[in-house]
Amino acid sequence: MLFDRDDTLALTDPAVYREAALWMQERFGLDPRQAGHTLAQVWEERMNDWWDLRSHEDEEQFWEEYGSDLTARLGLGPEAAAEVMAAYPYERYMKPVAGAREVLSELRRRGLKTGVLSNTLPSIDRTLDALGLADLIDVPLATCLLGVHKPEARAFTLAAEALGCRPEEVLFIDDRPENVSAAQAVGMRAALIDHSGQTPGALSDLREVLELC
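The structure reproduced in this document is the subject of the present report.

Here is what the cut-offs are and how they apply
Residues numbered from 1 in each chain as written. Predicted model: local features only at pLDDT ≥ 70, side-chain atom pairs only at ≥ 80, totals over all residues. Heavy atoms only, no water. Patch = residues over 30% accessible without salt bridge, like charges linked within 9 Å, V, L, I, M, F, W, Y side chains within 5 Å. Areas by Shrake-Rupley, 256 points an atom, 1.4 Å probe, with all protein chains shown as cover. Salt bridge = Lys/Arg side-chain N within 4 Å of Asp/Glu carboxyl O. Lys, Arg positive; Asp, Glu negative; His and termini not counted. Charge placed at Lys NZ, Arg CZ, Asp CG, Glu CD. Helix = DSSP H or I, 4+ residues; strand = E, 2+ residues; numbered from the N terminus. Pairing = 2+ DSSP bridges. Contact = heavy atoms within 4.5 Å. Axes fitted to C-alpha atoms, helices over the stretch in contact; angles between N-to-C directions. Core = buried A, V, L, I, M, F, W, Y, C linked by side-chain atoms within 4.5 Å. Buried < 20%, exposed > 50% of the residue type's maximum accessible area, 1.4 Å probe, protein only. Phe/Tyr/Trp six-rings, centres within 6.5 Å; stacked < 30°, edge-to-face > 60°. Polar contact = N/O pair within 3.5 Å; in protein donor to acceptor, adjacent residues only side chain to side chain. Right-handed = clockwise from strand over helix to strand, strands pointing away.

### So, a negative patch on the surface
Working step 1: Residues Glu-57, Glu-60, Glu-64 and Glu-65 make up a contiguous surface patch of negative charge.
Working step 2: The topology assignment puts Glu-64 in helix H3 (residues 56–73).

### Points about the pattern of salt bridges
Working step 1: Tallying each qualifying case throughout the model produces 20 salt bridges.
Working step 2: In this structure, Arg-46 and Asp-49 form a salt bridge, with 3.4 Å as the shortest nitrogen-oxygen distance.
Working step 3: Between Arg-207 and Glu-102 there is a salt bridge, with the nearest N and O atoms lying 3.6 Å from each other. Separated by 105 residues along the polypeptide, Arg-207 in the loop between strand E7 (189–192) and helix H10 (209–212) and Glu-102 in helix H5 (residues 100–109) bring together distant segments of the chain.

### Section: the sheet that holds strand E6 (residues 171–174)
Working step 1: Taking strand neighbours across the sheet as the criterion, the five strands line up as E5-E4-E1-E6-E7 in an open arrangement whose pairing is parallel. Looking at which strands have only one partner, the edges of the open sheet turn out to be strand E5 (139–142) and E7.
Working step 2: Alignment of E6 against E7, held across four bridges, turns out to be parallel. Note that in E7 the partner of Phe-172 across the bridge is Ala-190.
Working step 3: Each of E6 and E7 is contacted by helix H9 (residues 177–185), which is oriented at about 170° to E7, the strand it contacts most.

### Side note on the nonpolar core
Working step 1: In this structure, Phe-3, Ile-173 and Leu-206 are the most contacted members of the largest nonpolar core, which totals 52 residues.
Working step 2: Elements supplying a minimum of two residues to this core: helix H1 (15–28), helix H2 (32–46), H3, helix H4 (81–87), H5, helix H6 (124–130), E6 and H10.
Working step 3: Per-element accounting of this core gives the leading share, five residues, to H1.
Working step 4: Those residues in contact with Phe-3 that lie beyond four places of it in its chain are Thr-8, Leu-9, Leu-104, Leu-107, Gly-115, Val-116, Leu-117, Phe-172, Ile-173, Leu-206 and Val-209.
Working step 5: By size, the runner-up hydrophobic cluster in this structure holds 18 residues, among which are Leu-2, Val-139, Ala-160 and Ala-190.

### Structural notes on the packing of aromatic side chains
Working step 1: For the structure shown, the criterion picks out twelve aromatic pairs.
Working step 2: Between Trp-43 and Trp-63 the ring centres are 6.1 Å apart and the planes differ by 15°, which places this aromatic pair in the stacked class. In this pair, Trp-43 sits in helix H2 while Trp-63 sits in helix H3, placing the two residues 20 residues apart along the sequence.
Working step 3: On the basis of relative accessible area, Trp-43 is assigned to the partly exposed category, the value being 22%.
Working step 4: Considering the side-chain rings of Phe-156 and Phe-172, the 5.3 Å spacing of their centres and the 80° angle between planes classify their relative orientation as edge-to-face.

### Remarks on the side chain of Lys-150
Working step 1: Looking at the element boundaries, Lys-150 is found in the loop between helix H7 (143–146) and helix H8 (153–163).
Working step 2: Of note is the side chain of Lys-150, whose polar atom sits 2.9 Å from the side chain of Asp-4.
Working step 3: Within the structure, the side chain of Lys-150 is placed 2.9 Å from the backbone oxygen of Leu-117, a separation counted as a polar contact.

### What to know about the pairing of E5
Working step 1: Looking at chain direction, strand E4 (residues 115–118) and E5 are connected through four bridges and run parallel. Pairing of Val-116 across the sheet is with Pro-140, part of E5.
Working step 2: Handedness of the E4-H6-E5 crossover: right-handed.

Printed below as a string of structure tokens:
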């Protein structure tokens, strides 16, 4: 079994933006509405700037620069950047989808190997740990460390190799149609998931994966 992470095993939790904004109000005296708006705006502007990172050192520098930009826009001094990023690292904004641990536990009980292939920064282990899922994932793969991103075919063949399987032995679940098609093109079985339930023919609940295995 091979899963995408974002919008497949995990969702962004909008409530954390409010929580972070209220923390900034208490800690720095900021207006919480403006702080929340700035948090969302800076991430929206920079959410794809990590695409070419290739190491944990690259990521560390990325977050240092991100924190400096964020705190400058919040009107805080540079000394606040490390504190803000430590209090609210990006994995804190994630939450597992309903049934995620249940499904992964059942796959483990059935003796299936599980992997995650995510277009993401190198720190995928840290994010899965924050989600409470790391102990149920055998092979966590961040495409930044692979050096190739989905939907490129090489990302999927490298994932199969890491799982110790041929592509045709893998079932892949993702929320993006282009990634599902790319996985199928290299021989994997693949299914689309849409937790909103708005895409005809797509899975709408992660627990439906158990019926496909």
